[in-house]
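Structural overview for review
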Amino acid sequence: MFTNSLIVLQQIIVMFLLILMGYVLFRKNVFTNQTTQSLTVLLNKYIVFFVLLRSFQRPFDAHLGYALGVTFVCSMLFFLISIALANRVYRPEKTENYADCRVSVVLTNNGFMALPLLDAMFGSDGVFLGASSIACMAIVLWTYGVQQLSGGKEGNGIRNILLNPALLATVCGFLLFCSPIKLPELVFRAVDFLGDLNTPLAMLSLGCFLAQIDLRECFTDLEIWKVSVVRLLLIPAIAIVLLLFIPLDHMSKIILLTGTAAPCALASAMFGQIYGTDYLFSTRVISLSTLLSVITLPLCISVLEGLLHFFG
């Protein structure tokens with residue numbers, strides 16, 4: 001019953017080895033701050049497009065199409081709950097770096113971390129349904145996230161919503177999924193190779209961010225613990241309760257939870273660096289939440305699997 005939890009644990013260990021490599025490369029000056037900024041652009045504007053596009057290259061399946069629509073709606077609901085919670089907990093008059101705290105709570109690493117886990121658990125079907133969560137995250141990132149981190153100067157525009165790469169890839173991919181027309185074989189092979197860069201580059205980039213901070217501060221700052229607990233336990237707990245009542249198969253529910261229970265998104269530090277906020281605070285949150293997710297993510301999946309098994 002708890003096979004998926006073991007798969008998740010093993011995959012997270014592999015990711016930590018990639019993070020360690022990024023840490024070493026930055027310490028040895030092979031990677032620099034300019035490198036991490038370039039990786040930010042590469043990952044969030046280009047690689048994510050190819051990751052999502054390739055996941056839709058499959059014959060049309062009405063059941064999967066329905067599940068995709070429901071998971072998209074549920075993912076957006078979970079993000080809206082996260083936003084309401086973050087805005088309630090972190091107020092400008094009480095928290096100096098409230099924007100970084102809010103974005104760290106709301107944005108989840110459902111692309112760079114969750115997708116490889118879904119692939120390991122459910123194969124291409126997991127990645128296909130996981131695309132709905134990434135599309136929602138892209139909408140939230142380029143609207144709420146940018147609006148918060150830029151101090152209200154950017155974000156919430158219709159252009160940011162419609163033209164962000166992840167949503168464009170989801171729309172284009174879904175049209176191809178519904179159509180008998182697919183990408184030519186040679187084009188798909190190139191897209192497939194580019195999509196494979198997602199996890200390695202993201203984990204190397206995270207290692208570079210980790211190399212810029214004192215890791216001891218991750219464990220001694222109570223604010224970082226508070227954000228991590230909300231991100232890893234409180235929001236997933238709310239999601240688990242709601243998932244018990246949503247009319248979806250067990251696989252789709254686990255896929256939804258995996259994206260929701262993932263640690264803080266690397267994008268919170270990447271975009272914080274771009275907009276000049278306290279991105280090293282976000283990096284410390286990412287570091288602690290990623291470390292804790294070795295325990296919390298398999299735990300959340302085990303709890304949901306147990307409850308689904310108990311309730312039939």
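The structure this text deals with has already been given above.
Cut-offs applied
- Residue numbering note: each chain is counted from 1, following its sequence as written.
- Per-residue local features are limited, in this predicted model, to residues with pLDDT of at least 70; the limit for side-chain atom pairs, both in listing and counting, is 80 or more; totals at the level of whole chains, interfaces and linings are taken over all residues.
- Just so you know, side-chain values use all the structure's heavy atoms and leave hydrogens and water out.
- Here a strand is any run of E in DSSP of at least two residues, a helix any run of H or I of at least four, and the numbering for each starts at the N terminus.
- Every helix has an expected span of 1.5 Å times one less than the residues it contains.
- The quantity called bend is, for any residue, the angle between two axes fitted respectively to the seven residues ending at it and the seven beginning at it.
- To sort residues, take the accessible area from a 1.4 Å probe on protein chains only and compare it with the maximum for the residue type: under 20% means buried, over 50% means exposed, and anything in between is partly exposed.
- Whenever two N or O atoms come within 3.5 Å, that pair is a polar contact, provided that in protein one can donate a hydrogen and the other can accept it, and provided that, for residues adjacent in sequence, both atoms are side-chain atoms.
- In this description, a line fitted to the C-alpha atoms serves as the axis of each element, helices being fitted only across the stretch in contact, and the angle between N-to-C directions of two axes falls anywhere from 0 to 180 degrees.
- Throughout, the term roughly parallel applies to angles under 35 degrees, roughly antiparallel to angles over 145, roughly perpendicular to angles from 65 to 115, and oblique to all others.
- We call a crossing left-handed when the near helix sits turned anticlockwise from the far one by less than a right angle, and right-handed when that turn is clockwise.
- Pairs of residues are marked as contacts when any of their non-hydrogen atoms sit within 4.5 Å.
- Think of it as three bins: nonpolar holds Ala, Val, Leu, Ile, Met, Phe, Trp, Tyr, Cys and Pro, charged holds Asp, Glu, Lys and Arg, and polar takes everything else, Gly as well.
- Among buried residues, those of type Ala, Val, Leu, Ile, Met, Phe, Trp, Tyr and Cys that are joined through side-chain atoms within 4.5 Å constitute a nonpolar core.

If you check helix α12 (residues 222-243), its first and last C-alpha atoms are 30 Å apart, about what 22 residues at 1.5 Å a residue would give, namely 32 Å. Along α12, the sharpest kink reaches roughly 35 degrees, centred on V230. Along α12, the positions that sit buried rather than exposed are I224, V227, S228, V230, R231, L232, I235, P236, A239, I240 and L243. Measuring from the side-chain oxygen of the N-cap residue of α12 to the backbone nitrogen of E223 gives 2.9 Å; that N-cap residue is D221.

With that settled, the discussion passes to the packing of α12 against helix α13 (residues 250-261). As a packed pair, α12 and α13 sit with axes 9 Å apart at the nearest point and diverge in direction by 160 degrees. The angle between the axes of α12 and α13 places the two elements in the roughly antiparallel class. Crossing of α12 against α13: the hand is right-handed. Together, R231, L232, I235, P236, A239, I240 and L243 of α12 and K253, L256, L257, T260 and A261 of α13 make up the contact between the two elements. Of the residues belonging to the contact of α12 with α13, the class tally is nine nonpolar, one polar and two charged.

In summary, soluble globular proteins display a tendency toward joint burial of nonpolar side chains. Grouped together as the largest cluster of nonpolar side chains are 93 residues, with contacts concentrated most on V106, L107, V140, L257, L266 and F271. Leave out the neighbours within four places in its chain, and L257 touches P236, A239, I240, L243, C300, I301 and L304. F26, F31, L204 and A211 belong to the second-largest nonpolar core, a separate cluster that totals six residues.

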